[in-house]
Amino acid sequence: MKSRRTHVMNPRRTRYLAVPAAILAAAAALSACSSSAFAGGGQATFTAIDETTPITVGAPMNPFNATNNTFPGYDIENLGWTANDPANSNQTLPGLAQTWTLSPDGTTLTVHLQPKAGWSNGKPVTASDVRVSAAIWFTQSYVQAYNLGSVKVINAKTVQFTQIPGSSNNQFESGILQNPVVPASEYGKLLPASIWSIIAASQGTGKAAAAATTQLTTIGKKVTEFAPKTDISAGPFAIARINSGEAELVKNKYFYAASNIRPSEVLMLHYSGNQQIWSYMQAGRLDAAPYTSMPTNVLNQVVAAGNTKVVAPSLVAVALAFDQKVYPYGIPAVRQALAYVINRQAVQRVGEAVSGIPSKTTTGVVSSALSDYLSPGQVSGLNMYPTDPAKATALLKSAHFTQKGGQWYLPNGKPWTITLSNVSGFSDWVAGSSVIKSELTSFGIPTSVKLAPDYATYLTNLYKGSYPVAFWLIALGPGAYSTFSRIYGTYDGYVPSGARLNRYPTGNAAADNFLNTPNSVSVPGLGTVSPGQLTNQLTSVNLSGSGGIAQQNAIMAKLIRATNYTVPVIQLWDYINVQFVNSKRFTHWPIGNNALLNASPGVWMTYGYVHPK
Amino acid sequence: MTAIIPLLPEEAGAATAPVRRRRRGRWRLLLRTPGRVFGFAVIALFTLMAIIGPYLYPRNLPIDPSAIYAGPSLAHPLGTDFEGTDVLALIVTGARYVLLSAVIAAAVTIAIGTAAGLASGYYRGLADSSIMRVTDFVLTIPGFPLLIVLSTVWDFGSPYSMGLVLGIVGWGGLARAVRSQTLSLRERSFLEAARGLGLPGRHIIWREILPNVAPYIAMNLLLSITGAIYAEVGLFFLGVVPFNTSNWGVMLNIAVFSAGAVTSPQALTYLLSPLICILLLTLAIVLLLNAVDEWFNPRLREI
């Protein structure tokens, strides 16, 4: 699912840049590349790094490959770009889609392409390109979660997307628009003629559907392995050359908004970790840099070097998650007690001093979005979980835990120890967990920190149920459903299937359940609620209909209160999107435009920003 | 039955005199040059730190989020780390893991390498072939990458497990060298005489050959310690083993990758402290090697 992928990208960006190139690494020249470094140099050369593409040697210029050398917003153009609006998750900035209309029932999306849109080889971008791209989205599982059923070409510049009959997913609009469009002339040959029959069969039930899904997966693999010889771009730039150290992107004169693009070329620099990005910024080499985790001392140096810190909201928070099937974390009092022990201010100050704020309390949504869903009275009625060891002690004693010689013992008499799981190289998480370790150990629960070598291993172990207490990103907005799906969605075993909501245990490949929350919980003042069911209901609320927003907010309020009381996760800090721009060579930055700041500088340029001095 | 005849006091004194002389001689060897004195003093200091250091501080070192990367002061002579913990306390409490695992690694390396080399070189034939094939196998395994892979399944939180693994992957070279020396020694006349007298192989290996290869083994013991220090700190530096803020490798990792110590003077003491400790320790060991060499080779003392 692209949207899910996109939503995970934001935090991944947060984490990735805290990760010294664990996922994407290395370097060597592509066969077609010159061995010499690019001159760059001209006044209109914009130099940057890409938050998702550190430049990997040998990686294809194919956006569907997990390790690729493409640059969203520069040489990859989506139909649209998310505005990251917490109040309306469907809010999207036009990209290749100039305009679009959603049918009143929200099930049909008609997209009108930019009339002047052209590929960098001079051919026009057409509805057929979009239809081929849509078929590829199916092979990559980008759109199934949004119930996309069929795609119809209306005319050369108009294409229509329709949901599976009977379904009504309120994230359909943004879920479709946030996907990249690739040239049919290059990617069409990777698809069999019967691709749409296979897609239709995969949406059915039984063995035929399973077989079709397998077929789609096989085709998807072929797509990801495809390595185009040249970069045919519908974006403002196209890759001209690439080597291990940098990529040179030249202006696409056929781009629909070519007149808005002021830089003549873009140099994308390779990086292997935070330290290298800090060095680039301290040397004044970057005209713009995306979010990069850094301590305050480095921030001061980066700013002193002439870089300007640009802040935008970020709808991501980090939390300590519990596997409730592992004793004693299924006991609510235990999780509540731990929430009283952990000093969130200290954890944030050490873990994410520059790009985070301590979460006000633990609710499953970022603190700044609470007022979108709750009245001031409801907000003040939440348990803020201030640091209060006495309350923690009382809660644990009420759950029959005992304390001897400063050490806490489980009701079964065994000493209680905690292993916090984390990822090597995620410096903010690791630093934060070190503080938690210190606080819990001082409280009488000897705690150690265990690091997985990389994020992929971490996730594999997490989904296997190997980590009872682990760091986890939550509140991934925008969108009510995506916010709570990080707690009560697939990671809690809930997977919707048509009108039915299935629940799978840990270890079942159909879901990645490692949270194992109860099916229903009893919340004072709210009664018994089923968080998984409530979260799933968020997908089908008709947000464009009257009362839709109120209905959504009522569900969100219940989920927030339930999460605040039952503490399936302890929310630690909310991220802030801190970027940097350098005005030595360019000016006209979209400062204050939060929607654009969520996209890459390539999109800023499309909208007329970034002028050479 | 053997009769035990007690020595007269003056006879006992005469017997212990050479022992005392030998001890005095060893001390003289240690104190003969300033470099050796320095090496000995540094090793003694770090050993003391490893033994009593952890008792000087609370088990859970206090943190202070309001003093992150604070500069050196009276309260924090080496400054503070990313969570405001005293760097000196981290260095002192971290010494035990580094030294203990290095010593264990060296001991395991020496034990396995020496036993394998002696047995292989002395018995030859099938034993030699079998042991050397295993040795070749160990030698072909790239040690450090293997350790990185092992760290994903093995808990290196304990210095014993770290030392054991480092020792197990590091004995191949020593075994080969000891075997070569044993092969050369076994043809010497005094060993032929020993065999002619019908002395058992075990006696010949331990009493006749081992003392002759002991200097080489002793040198390797010290070099193995430095190798193990580099390897374990390297593993922690790469961040592939359990996270412990007082580990010197973890300190280096955080200083370089998270604190910006390479470019930021604020975190410089945090970077330099473990680095200097590692350098001092390895330098001290190398300086001491000289004395060990002389100790085992009396001829060198005359030069």
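Residues numbered from 1 in each chain as written. Chains lettered and ligands numbered in written order. Predicted model: local features only at pLDDT ≥ 70, side-chain atom pairs only at ≥ 80, totals over all residues. Heavy atoms only, no water.

(A) Up close: the interface of chain B and chain A. Each partner contributes to the interface: chain B provides 29 residues, whereas chain A provides 25 residues. Interface area, chain B with chain A, both sides summed: about 2,100 Å², of which 57% is carbon and sulfur. Contact with chain A buries surface across chain B, with Asn60, Phe243 and Thr263 of chain B losing the most and accounting together for 28% of the total. It is helix α10 (residues 248–258) of chain B that provides the largest number of residues to the side of chain B that touches chain A, a total of 3 residues. Looking at the side of chain B that touches chain A, its residues break down into 17 nonpolar, 11 polar and 1 charged. (Contact = heavy atoms within 4.5 Å. Buried area = accessible area lost by both parts, 1.4 Å probe. Helix = DSSP H or I, 4+ residues; strand = E, 2+ residues; numbered from the N terminus. Nonpolar A, V, L, I, M, F, W, Y, C, P; charged D, E, K, R; others polar.)

(B) Layout of the confidence of the model for chain A. Confidence along chain A averages 89 in pLDDT terms, with 92% of residues attaining 70 or more. Counting interchain partners and residues more than four positions distant, the pLDDT-below-50 stretch residues 1–42 of chain A has 119 contacts. (pLDDT = per-residue confidence, 0-100.)

(C) The arrangement of the environment of Arg503 of chain A in detail. Residue and element names in this part refer to chain A. Turning to its location among the elements, Arg503 is positioned in strand β20 (residues 500–503). With 29 residues separating them in the primary sequence, Arg503 and Gly532 have C-alpha atoms 8.9 Å apart. Ignoring any residue separated from it by four or fewer positions in sequence, one finds Arg503 in contact with Asp492, Gly493, Tyr494, Asn513, Asn516, Thr517, Pro518 and Asn519. A distance of 2.7 Å separates a polar atom in the side chain of Arg503 from a polar atom in the side chain of Asp492. Polar contacts involving the side chain of Arg503 include one to the side chain of Tyr494, which spans 3.3 Å. (Polar contact = N/O pair within 3.5 Å; in protein donor to acceptor, adjacent residues only side chain to side chain.)

(D) Expanded view of the pairing of strand β23 (residues 569–582) of chain A. Residues and elements named next belong to chain A. Within β23, 14 of the 14 residues are buried, which leaves the element mostly enclosed by the surrounding structure. Sheet analysis places strand β11 (residues 288–289) next to β23, joined by 2 bridges and oriented antiparallel. Residue pairing across strands places Ala288 opposite Val581, the latter belonging to β23. Direction of pairing for strand β12 (residues 307–322) relative to β23: antiparallel, over a ladder of 12 bridges. Within β23, the position partnered with Leu320 by the bridge is Ile570. Inspection of the sheet shows strand β13 (residues 356–358) paired to β23 by 3 bridges, in the antiparallel sense. (Buried < 20%, exposed > 50% of the residue type's maximum accessible area, 1.4 Å probe, protein only. Pairing = 2+ DSSP bridges.)

(E) Broad picture of the packing of helix α2 (residues 127–139) of chain A against helix α6 (residues 206–225) of chain A. Residues and elements named next belong to chain A. The interhelical angle for the contact between α2 and α6, taken along N-to-C directions, is 110°, at an axis separation of 8 Å. In this view, α2 runs roughly perpendicular relative to α6, as classed from their interaxial angle. Crossing angle aside, the handedness with which α2 passes α6 is left-handed. Only Leu216, Ile219, Gly220 and Val223 of α6 make contact with α2, whose side of the interface consists of Ile136, Phe138 and Thr139. Looking at side-chain class alone, the contact of α2 with α6 contains 5 nonpolar, 2 polar and no charged residues. (Axes fitted to C-alpha atoms, helices over the stretch in contact; angles between N-to-C directions. Parallel < 35°, antiparallel > 145°, perpendicular 65-115°, else oblique. Left-handed = near helix turned anticlockwise from the far one by under 90°.)

(F) Focus on the sheet that holds strand β7 (residues 158–163) of chain A. Residue and element names in this part refer to chain A. Taking strand neighbours across the sheet as the criterion, the 4 strands line up as β4-β5-β7-β6 in an open arrangement whose pairing is antiparallel. The outermost strands of the open sheet, each flanked by one partner alone, are β4 (97–102) and β6 (148–155). Shown here is a sheet whose adjacent strand axes are inclined to one another by a mean of 20°, direction ignored.

(G) Geometry of the domain arrangement of chain A. All names here are of chain A. When cut into domains, chain A gives domain 1 (77–225), domain 2 (237–310 + 581–612) and domain 3 (314–575). For domain 2 and domain 3, the distance between their C-alpha centres works out to 35 Å. Taken together, the contacts link 8 residues of domain 2 with 7 residues of domain 3. The junction of domain 2 with domain 3 conceals about 470 Å² of combined surface from both sides, 48% of it contributed by carbon and sulfur atoms. (Domains from an automatic or database assignment.)

(H) Seen up close, the nonpolar core. By size, the foremost hydrophobic cluster in this structure holds 166 residues, and its most contacted members are Leu338, Trp416, Trp429 and Tyr458 of chain A together with Trp248 of chain B. Looking at this core element by element, the count peaks at 12 residues for helix α3 (residues 87–123) of chain B. Mapped onto the domain boundaries, this core takes at least three residues apiece from domain 2 (237–310 + 581–612) and domain 3 (314–575) of chain A. Once residues within four sequence positions are removed from consideration, Trp248 of chain B is found in contact with Phe46, Leu90, Ile91, Gly94, Ala95, Val98, Pro274, Cys277, Ile278 and Leu281 of chain B. Counting 80 residues, the second largest nonpolar core, distinct from the first, contains Ala212, Ile219, Ile232 and Ala258 of chain A. (Core = buried A, V, L, I, M, F, W, Y, C linked by side-chain atoms within 4.5 Å.)

(I) How the structure looks around a nonpolar patch on the surface. Residues and elements named next belong to chain B. A surface patch of nonpolar side chains, amounting to about 520 Å² of accessible area, comprises Tyr230, Leu268, Leu272, Leu275, Ile276 and Leu279. Among the elements that take part in the nonpolar patch, helix α11 (residues 268–296) stands out by supplying 5 residues, more than any other. Mapped onto the elements, Leu268 comes out in helix α11. (Patch = residues over 30% accessible without salt bridge, like charges linked within 9 Å, V, L, I, M, F, W, Y side chains within 5 Å. Areas by Shrake-Rupley, 256 points an atom, 1.4 Å probe, with all protein chains shown as cover. Salt bridge = Lys/Arg side-chain N within 4 Å of Asp/Glu carboxyl O.)

(J) Molecular detail of the pattern of salt bridges. Residues and elements named next belong to chain A. Taken as a whole and judged by the stated rule, the model has 9 salt bridges over all chains. Measuring nitrogen to oxygen at the nearest pair gives 2.8 Å for the salt bridge that ties Glu248 to Arg241. Here Glu248 falls in the buried class, since its relative accessible area comes to 8%. The closest approach of N and O atoms between Arg503 and Asp492, which form a salt bridge, is 2.7 Å. Residue Arg503 is found in strand β20, and its partner Asp492 is found in the loop between α16 (480–488) and β19 (494–497); the two are separated by 11 residues along the sequence.

(K) Examining the packing of aromatic side chains more closely. Enumeration according to the criterion identifies 33 aromatic pairs over all chains in this entry. Residues Phe46 of chain B and Trp248 of chain B carry aromatic rings whose centres are separated by 5.9 Å and whose planes lie at 70° to one another, so their mutual orientation is edge-to-face. Here the residue Phe46 of chain B occupies a position in helix α2 (residues 34–56), and Trp248 of chain B occupies one in helix α10, the gap between them amounting to 202 residues. Trp248 of chain B carries the same exposure label as Phe46 of chain B, and that label is buried. Counting every residue linked through ring pairs, the aromatic cluster contains Phe426, Trp429, Tyr455, Tyr458, Tyr467 and Phe471 of chain A. One Lys or Arg, Arg486 of chain A, reaches over the ring of Trp472 of chain A and ends 4.0 Å from the middle of that ring. The ring of Tyr122 of chain B carries the charged tip of Arg186 of chain B above its face, separated from the ring centre by 5.3 Å. (Phe/Tyr/Trp six-rings, centres within 6.5 Å; stacked < 30°, edge-to-face > 60°. Lys NZ or Arg CZ within 6 Å of the ring centre and 35° of its normal.)

(L) Structural context of helix α9 (residues 201–238) of chain B. Along its 38 residues, α9 of chain B runs just 46 Å from first to last C-alpha, ending more than 12% under the 56 Å computed at 1.5 Å per residue. Two residues or fewer past α9 of chain B, Gly239 of chain B is found with a positive phi of approximately 75°. (Expected span 1.5 Å × (residues − 1).)

(M) Here's a closer look at unusual backbone geometry. A cis amide bond links Tyr327 of chain A with the next residue in sequence, Pro328 of chain A, at an omega value of 5°. Here the bond from Gly477 of chain A into Pro478 of chain A is cis, since omega is 0°, no more than 30 degrees from zero. Along the chain, the position of Pro478 of chain A falls in the loop between β18 (469–474) and α16. For Asn147 of chain A, which is not a glycine, the phi torsion comes out positive at approximately 65°. Structurally, Asn147 of chain A is set in the loop between α2 and β6. Phi angles above zero are rare outside glycine, and Tyr69 of chain B is one such case at about 50°. Exposure remark for Tyr69 of chain B: the relative accessible area of 5% places this residue in the buried category.

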